[in-house]
Amino acid sequence: MGCDMLRALRTRTLSAGLVALALAAAGCGSAGTATGAGGKTGTLNTLIIANAVKVDTLDPSQNSVNESIWMDQNIYSRLLQPNATGTGLLPDLATSWTISKNGLKYTFSLRPGAEFSNGSPVTAQDVVFSIARSRKLAGGWGFLLTAVKKVTAVGTRTVVITLSQPHAPLLADLAMYAYSIVPENLVKAQGTAFWQHPVGSGPFMVTSYSADSEIDLARNPHFYGTKPKIAKVRYLIVPNDNTRVLMLESKKADIIENPPGNLVSQIDKTPGLSVQLFPSTRVDFIQLDEHFKPFKNADVRQALNYAIDRNAIVKLAYQGHAIPGASFMPHEMQYFDSGIKPYPYDPAKAKQLLAAGGYPHGFSTFLITVSGDVAGQAEAVVVKSELAAVGINVNIQAYELLTAYSKEDNGHSEMGERYWTNDIIDPDEVATFGADCKGGANAFNSYWCDAQANNLVNGARAELSSAKRQQMYDQIQQIVYQQSPFIVTDYSPYRYGVGSWVKGFHVTPLGNYNLSLENLTVDQH
């Protein structure tokens, strides 16, 4: 791990021969894309995206990996969807909806003529089935819809959702990927096999699927919305950061996700290439698992926050393209408290707090990281060095992403590098996930629990007054900041390396880019 990490952190100068060898080793030989009429000055009909992480599943109710989530939103539709700025909602399968005066009944009218990619109609019963299925899934997102009393179909084109109490984020929740609509008859008939070649009603459909290497999409001929200008999308799974950069440089990929922060300037200086930084809801943090005795102590948790220099992390891991973190809520999202400032770097204060917490001589622990993640490995170097200065010995343990997540989720991780991005425009998701220990995620798997925070989270989701919700979320953010169940390190943008031949690629603050793929074009190159 050490050698790979050091190689990734320093500036690359590779010859053309080495580029070819690296691409061949990664299975990045000739990647043919079909051309449209017009020859060299025309456009291509295929977009190639190189992602870093293998697909965890094509079942939207079970997705946990962002790359899979954002890809799936091109395959499936929901009742509503986020707009292009990630700040509002647009109709999707539902063309309109009404809300009763008491806020307990929502009635949705479905889009006439909407069909799945196999040509079968999308019905109200498919909506009822899909929402119920996602709500019931163990370990899923049902905890977001606890206020839902029942979901019923009225004929084939009307869906009624009845609540037990007001639920302010309901519309935002229904625009979440987990509540994508799937055909009831096929899911029941095929079982788990359905997810190997799923049928959805989004702008694209799956034509081939190999979770570890490549997923191919084709334009859905039955899509009810804007017909995408490109006919195909190829997702290549390329875990190594530097290899993805080489693919972009050699035009074997049109778009690459997460180019290493230390190579952003180099890519920007390459003719025809750029790194596009999109405002995001990403929050990078280090979870502190309270099953590990030292982290049960609030003084110790605060000590770690004072011991880490967030500016050093931003500089080394992101070359300055990030903002030091403070609140656990995404930067400048709805109800974000800008009055909360990052913990100052103060090793002396950290030592005082460690002594007050019963660890005057520090302790030993481990930090789980994702192998191949250059920014994460750079952050780990900073964390290890700065915690050592206050007497805490950190052993860095690197794993493939899904393995790392599994170890961090099982309640025995001690320290783990994680990041959060919002999937909905309302803060209820991140608050429930991170500040409510009974909300379904054990407070970001820290197992920290605070009764006041729990009550405020549940009160805010049931409150329809925006001003009152702001007050509640301000309190929640203050509690989390003071008790420090995790170390919020920074807010980083979404980074994509993009060839100049790609026109119209755009990512919303929620991370999805499905709307842009409907109008995007790929020029000859």
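Residues numbered from 1 in each chain as written. Predicted model: local features only at pLDDT ≥ 70, side-chain atom pairs only at ≥ 80, totals over all residues. Heavy atoms only, no water.

## Examining the overall build of the protein chain
Quick reminder of the rule: Secondary structure is summarised from DSSP: a helix means a run of H or I of at least four residues, a strand means a run of E of at least two, and numbering begins at the N terminus for each. The size measure is the radius of gyration over C-alpha atoms, and the globule rule it meets is 2.2 Å times the number of residues to the 0.38 power. Only protein chains enter the calculation, and the probe is 1.4 Å; a residue is then buried if its accessible area is under 20% of its type maximum, exposed if over 50%, and partly exposed in between. Note on contacts: a residue pair qualifies if any of its non-hydrogen atoms lie within 4.5 Å across the two residues. To be clear on the numbers: accessible area is Shrake-Rupley with a 1.4 Å probe, and residue cover counts the displayed protein chains and nothing else. Charge assignment in this entry is limited to Lys and Arg as positive and Asp and Glu as negative, and neither His nor the chain termini are counted. Every charge is mapped to an atom, namely NZ of Lys, CZ of Arg, CG of Asp or CD of Glu.
Helix and strand content of the protein chain: 18 helices and 22 strands. For the protein chain, whose C-alpha radius of gyration is 23 Å, the value lies close to the compact-globule estimate of 24 Å for 525 residues. With the C-alpha coordinates aligned to their principal axes, the bounding extent of the protein chain is approximately 70 × 65 × 40 Å. Here the protein chain holds 525 residues, and 57% of them are scored as buried. Summarising the internal contacts of the protein chain: among those between residues at least 6 apart in sequence, 70% fall at separations of at least 24. Per element, the accessible surface of the protein chain, about 19,900 Å² overall, is 52% carbon and sulfur. Treating the 43 positive side-chain charges of the protein chain as one cloud and the 45 negative ones as another, the clouds have centres 3 Å apart.

## Some thoughts on the nonpolar core
Here is the rule: What is meant by a nonpolar core is a set of buried Ala, Val, Leu, Ile, Met, Phe, Trp, Tyr and Cys residues, joined one to another through side-chain atoms within 4.5 Å.
Counting 118 residues, the largest nonpolar core has Leu-47, Phe-108, Trp-141, Ile-161, Phe-328, Tyr-496 and Phe-505 as the members making the most contacts within it. Contact partners of Leu-47, with chain neighbours within four places excluded, come to Ile-230, Lys-232, Val-233, Arg-234, Asp-254, Ile-255, Val-502, Leu-517, Leu-520 and Val-522. Among the nonpolar cores identified, the runner-up in size contains 34 residues, and Ala-322, Leu-354, Met-415 and Ile-487 belong to it.

## Overview of helix α4 (residues 124–136)
Applied cut-off: A helix's residues, less one, multiplied by 1.5 Å, set its expected span.
When the terminal C-alpha atoms of α4 are compared, their 19 Å separation across 13 residues agrees well with the 18 Å that a helix rising 1.5 Å per residue should span. Regarding α4, the residues found buried are Ala-124, Asp-126, Val-127, Val-128, Phe-129, Ser-130, Ile-131 and Ser-134. Lining the buried residues of α4 we find β6 (105–110), β7 (148–154), β8 (158–163), α5 (170–174) and α6 (184–190).

## Overview of the sheet that holds β8
Which entries qualify depends on this criterion: Two strands make a pair as long as DSSP finds a minimum of two bridges between them. Only the stretch in contact is used when a helix axis is fitted, and all axes are lines through C-alpha atoms; the angle between N-to-C directions ranges over 0 to 180 degrees.
Spatial ordering of the open sheet is given by β5-β6-β8-β7, a layout of four strands whose pairing is antiparallel. Every other strand in the sheet has two partners, leaving β5 (94–99) and β7 as the edge strands with one partner each. Each adjacent strand pair in this sheet contributes to an overall mean axis angle of 20 degrees, direction not counted. Where β7 meets β8, six bridges bridge the pair, whose relative direction is antiparallel. The partner of Val-148 across the bridge, within β8, is Leu-163. Along the sheet face, α4 touches β6, β7 and β8 and points at about 160 degrees away from the line of β7.

## Focus on the state of the cysteines
Using the following cut-off: Counting rule for disulfides: a pair of cysteine sulfur atoms within 2.5 Å.
Tallied over the full model, the rule gives one disulfide. Residue Cys-437 pairs covalently with Cys-449 via a disulfide, S to S 1.8 Å. Taken together, the residues span a long stretch of sequence, with Cys-437 in the loop between α14 (428–435) and α15 (442–445) and Cys-449 in the loop between α15 and α16 (451–462) at a distance of 12 residues. Owing to a relative accessible area of 44%, Cys-449 belongs among the partly exposed residues under this scheme.

## Comments concerning the confidence of the model for the protein chain
For clarity, the cut-off: As a per-residue measure, pLDDT tells how confident the predictor is, with possible values from 0 to 100.
Per-residue confidence for the protein chain gives a mean pLDDT of 91, with 92% of residues at or over 70. Scored below 50 in pLDDT, residues 1–39 makes 53 contacts in the model with residues more than four places away or belonging to other chains.

## Regarding the pairing of strand β18 (residues 415–420)
Side chains on a regular strand alternate between the two faces of the sheet. Here β18 lies mainly inside the structure; five of its six residues are buried. For strand β14 (residues 283–288) and β18, the ladder comprises six bridges, and the chain directions are antiparallel. Looking across to β18, one finds that Ile-286 is bridged to Glu-417. Bridging between strand β16 (residues 363–370) and β18 involves two bridges; their strand directions are parallel. Paired with Ile-368 across the two strands is Gly-416, which belongs to β18.

## Structural notes on the pattern of salt bridges
Quick note on the threshold: Salt-bridge detection follows one rule: a side-chain nitrogen of Lys or Arg within 4 Å of a carboxyl oxygen of Asp or Glu.
Considering all chains together, one arrives at 11 salt bridges under this definition. Measuring nitrogen to oxygen at the nearest pair gives 3.2 Å for the salt bridge that ties Glu-290 to Arg-301. Taken as a pair, Glu-290 in the loop between β14 and α9 (298–307) and Arg-301 in helix α9 lie far apart in primary sequence, 11 residues in all. Here Glu-290 falls in the buried class, since its relative accessible area comes to 11%.

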